[in-house]
Amino acid sequence: RPMGSSKTVVIKGLSIGGGSPLRVESMIKTPLSDIYGCAEECTALAAEGCELIRVSLPDLSLAPNMKVLNERSPVPLMADIHFNHRLALAALGSGCASIRINPGNMSDKKGTEEVIRLARDMKAVIRIGANGGSLSRAQMQKSGGDRAAALACAVEEQLRILLDNSFEDIIISAKSSSVTETVRANSILSQKFPFPLHIGITEAGSGIPGAVKGAAGISLMLAQGIGDTIRVSLTGPSTDEVRVGYSILRALEIRHKGCSIISCPTCGRRRIDVVRLVEEVTSLLPKEIKDGTVIAVMGCEVNGPREAAGADLGIAGTPDGFVLFRKGVPVCNDTAENLRKRLIEEIGRL
């Protein structure tokens with residue numbers, strides 16, 4: 001897959017765009033007033049492989065907490081700012097190397113220019129973008145009622161403000177809760193501008209429906225070479241967003257962080273409890289397992305070693321118990337009562 005943008009930005013050593021690895025980010029759900037909770041959430045996100053964390057700064061009184069969190073977080077932060085340019089200045093002043101703003105809704109033009117100057121001096125990155133819920137009547141009219149075109153238009157209006165002030169360390173984004181709107185808007189932007197694109201489906205929902213909706217939209221864009229950094233927006237723990245994000249990238253063979261588990265959907269031929277076995281295998285995997293490791297769990301010999309011939313380690317049910325195999329070659333046949341013991345031995349050899 002060719003990477004999306006031609007330009008690169010760098011946030012505290014993290015490169016985005018221009019051929020950099022496709023980044024996975026999230027946003028902490030803990031209010032900034034709870035600094036200990038925020039720090040714990042940042043640490044948990046870092047452990048899952050999150051590479052950029054967005055943090056809401058809704059009030060100037062919380063700027064000292066943002067400073068503390070910047071010092072404690074193992075991952076670069078992006079301050080999420082709305083309306084008030086003073087919040088953006090405070091975020092930059094507290095050490096944030098990136099901010100997310102909408103320069104179009106900052107009514108103080110001089111204040112916005114001050115934010116841009118400070119960001120330039122600090123070599124900070126500014127992310128701008130439009131959401132489907134904040135399109136103006138004028139933008140809709142200009143786009144002839146086409147919401148995707150209006151989203152792209154809204155981003156272009158914000159972009160013009162930064163470019164008119166000779167600022168180019170920019171990430172752009174256009175998000176909607178509609179997959180088709182978001183994909184079309186980002187298609188327009190990717191063809192017009194060289195800046196890194198942050199992609200995702202906003203307000204995707206929770207659980208399986210939310211993960212599927214986010215995956216559908218993100219995958220459609222990535223398959224077209226659109227996008228440099230992703231966030232799966234889920235109503236739930238932020239760590240789930242990162243896990244789903246990496247699952248999408250593994251499925252598209254873009255990044256192979258962690259371990260992939262292949263398992264059959266099961267049928268009447270199964271000779272082993274695949275659902276239970278997947279849970280057991282997952283629980284036995286060490287945290288430090290090599291990225292890109294593939295483990296297969298198959299219910300029977302029909303789709304066992306041959307179908308999962310590429311797996312680093314595989315298990316399939318047999319009439320007498322199970323077979324363990326590596327790259328399609330059997331390494332162990334045994335009975336069900338020895339399954340856990342043999343699994344532990346073979347996982348230890350990975």
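Provided above is the structure to which this section pertains.
Calculation notes
- Residues numbered from 1 in each chain as written.
- Predicted model: local features only at pLDDT ≥ 70, side-chain atom pairs only at ≥ 80, totals over all residues.
- Heavy atoms only, no water.
- Phe/Tyr/Trp six-rings, centres within 6.5 Å; stacked < 30°, edge-to-face > 60°.
- Lys NZ or Arg CZ within 6 Å of the ring centre and 35° of its normal.
- Helix = DSSP H or I, 4+ residues; strand = E, 2+ residues; numbered from the N terminus.
- Buried < 20%, exposed > 50% of the residue type's maximum accessible area, 1.4 Å probe, protein only.
- Contact = heavy atoms within 4.5 Å.
- Pairing = 2+ DSSP bridges.
- Axes fitted to C-alpha atoms, helices over the stretch in contact; angles between N-to-C directions.
- Parallel < 35°, antiparallel > 145°, perpendicular 65-115°, else oblique.
- Left-handed = near helix turned anticlockwise from the far one by under 90°.
- Nonpolar A, V, L, I, M, F, W, Y, C, P; charged D, E, K, R; others polar.
- Salt bridge = Lys/Arg side-chain N within 4 Å of Asp/Glu carboxyl O.
- Expected span 1.5 Å × (residues − 1).
- Arc of directions from axis to C-beta.

1. Some remarks on the packing of aromatic side chains
Given two aromatic rings, their pairing is described by the distance between the two centres and the angle made by the two planes. Scanning the entire structure with this criterion turns up 0 aromatic pairs. Looking at K257, its charged tip hangs above the ring of Y246, at a distance of 5.9 Å from the centre.

2. Describing the side chain of T112
Take T112: it is sitting in helix α4 (residues 109-122). Assessed through its relative accessible area of 5%, T112 is described here as buried. Setting aside residues no more than four positions away along its own chain, T112 makes contact with H85, P103, M106 and I161.

3. A closer look at the sheet that holds strand β6 (residues 98-100)
The strands making up a sheet associate through hydrogen bonds between their backbones, and the pairing can be parallel or antiparallel. Pairing in this closed barrel of 8 strands is parallel, and the strands run β3-β4-β5-β6-β7-β8-β9-β10 around the ring. Where strand β8 (residues 170-175) and strand β9 (residues 197-199) come together, 2 bridges link them in parallel fashion. In the strand pairing of β9, I172 is matched with L197.

4. Some remarks on the packing of helix α3 (residues 85-93) against α4
Running from N to C, α3 and α4 cross one another at 15°; their axes reach a closest spacing of 9 Å. One finds that α3 runs roughly parallel with respect to α4. Between α3 and α4 the crossing geometry is left-handed. Residues H85, A88, L89 and L92 of α3 form the contact with α4, whose participating residues are G111, T112, E114, V115, L118, A119 and M122. Considered class by class, the residues forming the contact of α3 with α4 number 7 nonpolar, 3 polar and 1 charged.

5. A word on the environment of K213
Mapped onto the elements of the fold, K213 is located in helix α8 (residues 207-223). Separated by 34 residues in sequence, K213 and V179 have C-alpha atoms that sit 7.3 Å apart. Residues within four places of K213 in sequence aside, it is in contact with S177, V179, I201 and A204.

6. Quick notes on the pattern of salt bridges
If you walk through the whole model with that rule in mind, you get 20 salt bridges. R54 serves as the salt-bridge partner of D80, at 2.8 Å between the closest nitrogen and oxygen. With D80 in strand β5 (residues 77-80) and R54 in strand β4 (residues 52-56), the pair connects residues that are 26 residues apart, well separated along the chain. Considered together, D80 and R54 belong to a single accessibility category, that of buried residues. Residue D312 pairs with K327 through a salt bridge whose shortest N-O separation is 3.4 Å.

7. Some thoughts on the sheet that holds strand β13 (residues 313-318)
As summarised here, the arrangement of the 5 strands in space is β11-β12-β13-β14-β15, forming an open sheet in which the pairing is mixed. Edge strands, defined here as strands with exactly one partner in the open sheet, are β11 (260-263) and β15 (329-334). Between one strand axis and the next, the sheet turns through 20° on average, direction left out of account. Sheet topology places β11 next to strand β12 (residues 294-298); 4 bridges connect them, and they run parallel. The residue of β12 that forms the bridge with I261 is I295. Helix α10 (residues 274-284) contacts β11, β12 and β13 of the sheet and is inclined by roughly 155° relative to β12.

8. Digging into α4
Look at α4: 20 Å from first C-alpha to last across 14 residues, which is about the 20 Å you get at 1.5 Å a residue. When we look at burial in α4, the residues that qualify are G111, T112, V115, I116 and A119. What you see down the axis of α4 is that its buried residues fit within an arc of 145°, all on one side. Seen from the open side of α4, the exposed residues pointing more than 90 degrees away from its buried face are K110 and D121.

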